[in-house]
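# Summary of the model geometry
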Amino acid sequence: MRIGELAAAVGVTTRTVRHYHHQGLLPEPERLSNGYRDYTLRHAVVLARIRRLTELGLGLAEVRDVLADDAGRDLSEVLEELDADLARQEAAIRERRARLRALLDAERLPDEGPVSPELAELFSGMGQASSHSPMAAKDREIFALLDTAASPEDRERLMGALRGALDSPAAVARAHEAYALLDALAEAAPNDPRVDEAAQALADLLPPEILPAEPVDHGHSFLRAFYADLAPAQAEAIRRALRIVSEERR
């Protein structure tokens, strides 16, 4: 058989056949006097087996193990590993679909979405009033960033602390007041007397457990970038608020 005939018989492309030759999976056939490869029925049998194994999801290295005469692993061992890997993928897909369903069932998708169902619920609890505050919008962006980048333990701690801080309509109203005070500092100088008022209002909202156990490093690259994204007076108010909360923890 010529390479095209072999490929057609097994249902693959000639490019695939050449790739399997290159990977050492399919033995090279004898060549005729005119230089063309002369494939036999044995080549078709091996090629068909490679196709079946790859369709099950085996990688080429695993296929090579299965096809090896002596050094390769037993086929049942390879398939057991594949089955376990598929089970992990199924579990991951179920979890992703559950998160998608929670987002789709929400009354309103957050602008920063997709976020975790816990953070989406927290945003929803803040109400529409927070959507008109530039400072609240920055806060939501930071929470969405932490929701993505934080470890599962830190994320759980953060969400628990925020839920505790915003567990009542009165607490949500105080949060809106703090956002309004911070918004009012957008054009102010860092020594504006309103900075202290905004800092205290924010400190009264921040749960102590939201901060790390060690002292806050205001020179940390993340905090530097965060402060740089704010007006000078807003950044100063947040620095003072963090100092207040840190001192209260001592």
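Now for a description of the structure that goes with this document. Just so you know, these numbers come straight off a predicted model, no measurement behind them. (Residues numbered from 1 in each chain as written. Predicted model: local features only at pLDDT ≥ 70, side-chain atom pairs only at ≥ 80, totals over all residues. Heavy atoms only, no water.)

## What about the nonpolar core?
Filter applied, for reference: Definition of nonpolar core: a set of buried residues of the types Ala, Val, Leu, Ile, Met, Phe, Trp, Tyr and Cys, connected through side-chain atoms within 4.5 Å. Remark: exposure states derive from per-residue accessible area (1.4 Å probe, protein chains only) relative to the maximum for the residue type, with buried under 20%, exposed over 50%, and partly exposed in between. Here a helix means four or more residues in a row that DSSP labels H or I, a strand means two or more in a row labelled E, and each is numbered from the N terminus.
Grouped together as the largest cluster of nonpolar side chains are 40 residues, with contacts concentrated most on L119, L162, L182, L185, Y227 and I238. Considering every element that reaches this core, the biggest residue donor is helix α12 (residues 232-249), with seven residues. Judged by nonpolar contacts, the second largest core, of 19 residues, contains L6, L25, L47 and L58.

## Here we look at the pattern of salt bridges
Quick reminder of the rule: By salt bridge we mean one thing: a side-chain nitrogen of Lys or Arg within 4 Å of a carboxyl oxygen of Asp or Glu.
Taken as a whole and judged by the stated rule, the model has nine salt bridges. For the salt bridge of R37 with E28, the shortest nitrogen-to-oxygen distance reads 3.0 Å. The class for E28 is partly exposed, based on a relative accessible area of 44%. In this structure, the salt-bridge partner of R51 is E55, at a minimum N-O distance of 2.8 Å. Here E55 and R51 lie together in helix α3 (residues 41-55), a separation of four residues that amounts to about one turn. Each of the salt bridges in this network shares a partner with another, and the network as a whole consists of D196, E236, R239 and R240.

## Side note on the packing of aromatic side chains
Going by this rule: We call Phe, Tyr and Trp rings a pair once their centres come within 6.5 Å, taking the six-membered ring for Trp, and we label the pair stacked below 30 degrees between planes, edge-to-face above 60, and tilted otherwise. When the NZ atom of lysine or the CZ atom of arginine is within 6 Å of a ring's centre and also within 35 degrees of its normal, the charge is said to sit over that ring.
Within the structure shown, the criterion is met by one aromatic pair. A ring pair is formed by F226 and Y227, whose centres lie 5.8 Å apart and whose planes are at 40 degrees; its orientation type is tilted. In this structure, R2 packs its charged tip against the face of Y36, placed 3.9 Å from the ring centre. Looking at R239, its charged tip hangs above the ring of Y227, at a distance of 4.3 Å from the centre.

## Concerning the environment of I244
Rules: Working rule for contacts: check all heavy atoms of both residues, and any pair within 4.5 Å makes them a contact.
Looking at the element boundaries, I244 is found in helix α12. Residues I244 and A199, 45 residues apart in the sequence, show an inter-C-alpha distance of 8.3 Å. Those residues within four positions of I244 in sequence are excluded, and the remaining contacts are A199, Q200 and A203.

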